[in-house]
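What the coordinates show
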Amino acid sequence: MATFLYRLGRLAFRRRHFVALIWVALLALAGFGAASAPAAGNTSFSVPGTEAQKAFDLLEQRFPGMSADGGTARVVFKAPAGEKMTDAANRNTVQKTVDELGEGSEVASVADPYKADAVSKDGTIAYASVKYKVPGMELEDGTREVLEEAAQDARDAGLTVEVGGDALLAQPETGTGEVIGIAVAAVVLVITFGSLVAAGLPLLTAVIGVGIGVSAITALASTLELGSTTSTLASMIGLAVGIDYALFVLSRYRAELAEGREREEAAGRAVGTAGSAVVFAGLTVVIALVGLAVVNMPMLTKMGVAAAGTVAIAVLIALTMIPALLGYAGRRVKPAGEKSKFLGGARAARKAASAKAKPNMGTRWARFVVRRPIAVLLLGIVGLGTAAIPAASMDLGIGDDSSLPTSTTQRRAYDLLSEGFGPGFNGPLVVVVDAKASDDPDAAFTEVTDQIKGLKYVATVMPAAPNKAGDTATITVIPDSEPSSVTTEELVHGIRDAGTEIKADTDADVLVTGTTAMNIDVAQKLNDALIPYLALVVGLAFLLLVVVFRSILVPLKAALGFLLSVMAALGAVVAVFQWGWMADLVGVEETRPIVAIMPIFMIGVVFGLAMDYEVFLVTRMREAYIHGEKASQAVVTGFNHSARVVTAAAVIMIAVFAGFIGSSEAMVKMIGFGLAIAVFFDAFIVRMAIVPAVLALLGKKAWWLPKWLDRVLPNVDVEGEGLRTLGDSAHSSGSPGLGDSKGADPDAERELVKF
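Here's what I pulled together on the structure shown here. Here the structure is a predicted model, which means the values were calculated and not measured.

Calculation notes
Residues numbered from 1 in each chain as written. Predicted model: local features only at pLDDT ≥ 70, side-chain atom pairs only at ≥ 80, totals over all residues. Heavy atoms only, no water. Helix = DSSP H or I, 4+ residues; strand = E, 2+ residues; numbered from the N terminus. Buried < 20%, exposed > 50% of the residue type's maximum accessible area, 1.4 Å probe, protein only. Contact = heavy atoms within 4.5 Å. Pairing = 2+ DSSP bridges. Axes fitted to C-alpha atoms, helices over the stretch in contact; angles between N-to-C directions. Core = buried A, V, L, I, M, F, W, Y, C linked by side-chain atoms within 4.5 Å. Patch = residues over 30% accessible without salt bridge, like charges linked within 9 Å, V, L, I, M, F, W, Y side chains within 5 Å. Areas by Shrake-Rupley, 256 points an atom, 1.4 Å probe, with all protein chains shown as cover. Salt bridge = Lys/Arg side-chain N within 4 Å of Asp/Glu carboxyl O. Phe/Tyr/Trp six-rings, centres within 6.5 Å; stacked < 30°, edge-to-face > 60°. Expected span 1.5 Å × (residues − 1). Lys, Arg positive; Asp, Glu negative; His and termini not counted. Charge placed at Lys NZ, Arg CZ, Asp CG, Glu CD.

Our focus in this paragraph is the overall build of the protein chain. Counting its secondary structure elements, the protein chain contains 25 helices and eleven strands. Across the 755 residues in the protein chain, those meeting the buried criterion constitute 53%. Restricting the contact set of the protein chain to residue pairs at least 6 apart, pairs at least 24 apart contribute 80%.

The structure is reproduced here in structure tokens:
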């Protein structure tokens, strides 16, 4: 692989006009597709294989006119102090509001509070339910304006009015944090490379890669039903890995220049060595993201595949566009250790000799770890283990209006409904009774209603509402506790257990759905999928790393280190978002359960990123080891070459991910914080401390591989062993051939075409 990538890098350097044109054309094509694509359609949440989803699908079949997936709104009214909603003036105001709410072609129905028994017992609070024909995210602006104006008219008449439901959902805002993250990345790159031009290349290529990826997602959003969260997360991950992959190739290029190689030769060797690490690092990320499909949750699968596509683009750009841009940059990109005049290059040059004599910080740290491996290992494990403790208390849920800031009308509507109708009113359970196979459907409906009334934790049971055919009915059950409480979950399981007995007596199926039931089913489904997902992803990545490092213990250590860092990161997420520790620092106004799909998505991303650092750092150690150094010295050498760059890459990733903490979307905020803290734990504790400590303890045993397995595994040559003599003649003489930076290389181009 190293030889092929070497030739690809040289070809991209030489044919830079053609390569740049291709990428610009792809960006323009994706942008045109995004601009001309229709608006994203329905992005409804579905979880195949769960009882809640099965019941929802049954409702759509048996109640075709109810628009089961249509948007909803609850307009909640509260009378002024000393008055009641049943007073004549307040009643007239509500009636006018109901009439206004019924205007518009997208309205399916509006329930009058006084006819639907939607007035609280004390008479102070009432609500009108509005049902729409299309999903909330697809409502026209005019429909939302009617809803807002009707509520405002009622406020002007003296009532307190708030609006809940999904009809007023707005697109999430990322805020300025993303720009700040990119700015921090730019500063880190300038410090790392000492050159504005060199620092600008990773940023430029990352922005182009993300532009192509996000534009493609936008263009396909309507066709594939992709939500706004999908493109946000894809841009987050694509931006981070795009900068990092370009950073590693560019750093190796400068190192090759420092050894005296011609620029085209240096570009080829950089892509052949660091580019090989980029390919395998990118593959681990792609495997982790695509592996989310095993959960069998369409929303999660789409998010994973979209993000994986952006990562694949970042890899291709690092292998082709970076060497092409290096050809344009020419001497403006300096060899390692040499800074531009603008940033003090003359002074740095005068101190070059003394700087080489003094070990850098990475070398000094590696030597310390090699001398004290047990102490460093224990300290790292205990620290991460302590941070992981809160993860044991994690509560999962899809989330509802109770987790929104109190400044929103949705949250205030939620609180008013809880005040007037009880804490369980915001999380009703919808029991669907399928009596198509029953001899007496009406008797089945009555038995189900009576059974539910006899269960614990029930506040109210509405009468059964059959469909036109009379073979299916819905029964609305109001719990006596909040939707996210343990007792509500017990009630859901109690109804389902009772349904088993009813099935035996009446041949009627009893299914429970609704947002609360869906939350419970999603949490259970994700818990059940976690072990198979980890087995698949870690297993495939383990095999991949065995091929890369030709070792058994190094990939095993990498996987165990990942588990430490991801559990510590999940613990930090629980402490901040669920417990409220230091919540003000990240803009968390209300503590809430962790978004159900967030942990497994974060696990997939963190695993891929953890393997990134493992590949980049340990590859240089293995390179030193197979070139004849002792195992302990190879650890020090790997740090000498890679620690600074890996540190810069980690800081950049942390900055980019942290930039998304400013998003108004709860999952994006959690993912941004979780990934930022996970990268910190994994890069600076696991890879920079635990990994060298373990390698120092293992010694040469770390690189042990059974002989039979060594013969079976393909030799991918990530270390670039095959390049040691490939361009030496050009390096020493500058004669035409592979090392000539001016002439074309027909053999290399023919080899590339064959590949």
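What follows deals with the sheet that holds strand β2 (residues 107-111). Pairing within the open sheet is antiparallel, and its four strands lie in the order β2-β3-β1-β4. The open sheet has two free edges, formed respectively by β2 and β4 (160-164), since each of these has just one partner strand. In this sheet, adjacent strand axes meet at a mean angle of 15° when their direction is disregarded. Bridging between β2 and strand β3 (residues 125-132) involves four bridges; their strand directions are antiparallel. Bridge pairing in β3 links Val110 to Val130. Together, β1 (72-78), β3 and β4 form the strand contacts of helix α15 (residues 409-421), whose direction differs from that of β4 by roughly 110°.

A general trend in soluble globular proteins is that nonpolar side chains are found buried together. Formed by 188 residues in total, the largest nonpolar core has its most connected members in Tyr245, Tyr253, Val431, Phe601 and Met602. Not counting residues up to four positions away in its chain, the partners in contact with Tyr245 are Val278, Ala281, Gly282, Val285, Val311, Ala314, Val315, Ala318, Asp612 and Phe616. Residues Tyr114, Val130, Leu147 and Val163 belong to the second largest nonpolar core, which totals 24 residues.

Taken together, the side chains of Val294, Leu536, Leu540 and Leu543 present a nonpolar region at the surface, about 320 Å² in accessible area. You can see Leu536 is positioned in helix α18 (residues 515-549).

It is worth spelling out the packing of aromatic side chains at this point. Counting across every chain of the model gives ten aromatic pairs. Relative to Phe421, the ring of Tyr127 has its centre 5.3 Å away and its plane inclined at 85°; by these criteria the two rings are edge-to-face. Highlighted residues: Tyr127 in strand β3 and Phe421 in helix α15, separated in sequence by 294 residues. Note on Tyr127: relative accessible area 12%, which makes it buried. An aromatic cluster of three or more residues is present, and its members are Tyr127, Phe421 and Phe425.

Our focus in this paragraph is the pattern of salt bridges. Applying the stated criterion across every chain, the model contains 18 salt bridges. With its nearest N and O atoms 3.0 Å apart, the salt bridge here joins Glu162 to Arg412. Taken together, the positions of Glu162 in strand β4 and Arg412 in helix α15 put the pair 250 residues apart, joining distant regions of the chain. Overall, Arg412 belongs to the partly exposed group, its relative accessible area being 33%. For Arg687, the salt bridge identified is with Glu614, shortest N-O distance 2.6 Å. Of the two residues, Arg687 is situated in helix α22 (residues 666-698) and Glu614 in helix α20 (residues 598-626); the sequence distance between them amounts to 73 residues. Across the pair, Glu614 and Arg687 agree in class, each one buried. It is possible to trace a salt-bridge network through shared partners that takes in Arg10, Arg14, Glu264, Glu265 and Arg269.

Another point: helix α1 (residues 2-14). Look at α1: 18 Å from first C-alpha to last across 13 residues, which is about the 18 Å you get at 1.5 Å a residue. For α1, the buried fraction is high: eleven of the 13 residues fall into the buried class. The complete set of buried residues in α1 reads Ala2, Leu5, Tyr6, Arg7, Leu8, Gly9, Arg10, Leu11, Ala12, Phe13 and Arg14.

As defined by bridge partners, β1 adjoins β3 across seven bridges and the pair is classed as antiparallel. Across the sheet, Val75 pairs through a bridge with Ala128, a residue of β3. Two strands pair when backbone bridges link them, and β1 and β4 are joined in this way by five bridges, in the antiparallel orientation. Its bridge partner being in β4, Val75 is matched across the sheet by Val163.

In this structure, Gly397 sits in strand β5 (residues 396-397). Separated by 124 residues in sequence, Gly397 and Asp521 have C-alpha atoms that sit 9.5 Å apart. Apart from the residues lying within four places of it in its own chain, the contact partners of Gly397 are Asn519, Pro593, Ile594, Val595 and Ala596.

What follows concerns the environment of Gly420. Relative to the elements of secondary structure, Gly420 occurs in helix α15. Along the sequence, Gly420 and Ile125 sit 295 residues apart, while their C-alpha atoms lie 5.8 Å from each other. Here Gly420 is in contact with Ser120 and Ile125, once residues within four sequence places are set aside.

A surface patch of negative charge is lined by Glu140, Asp141, Glu145, Glu148, Glu149, Asp153 and Asp156. Tracing the backbone shows Glu149 in helix α5 (residues 141-156). The partly exposed category is assigned to Glu149, whose relative accessible area is 48%.

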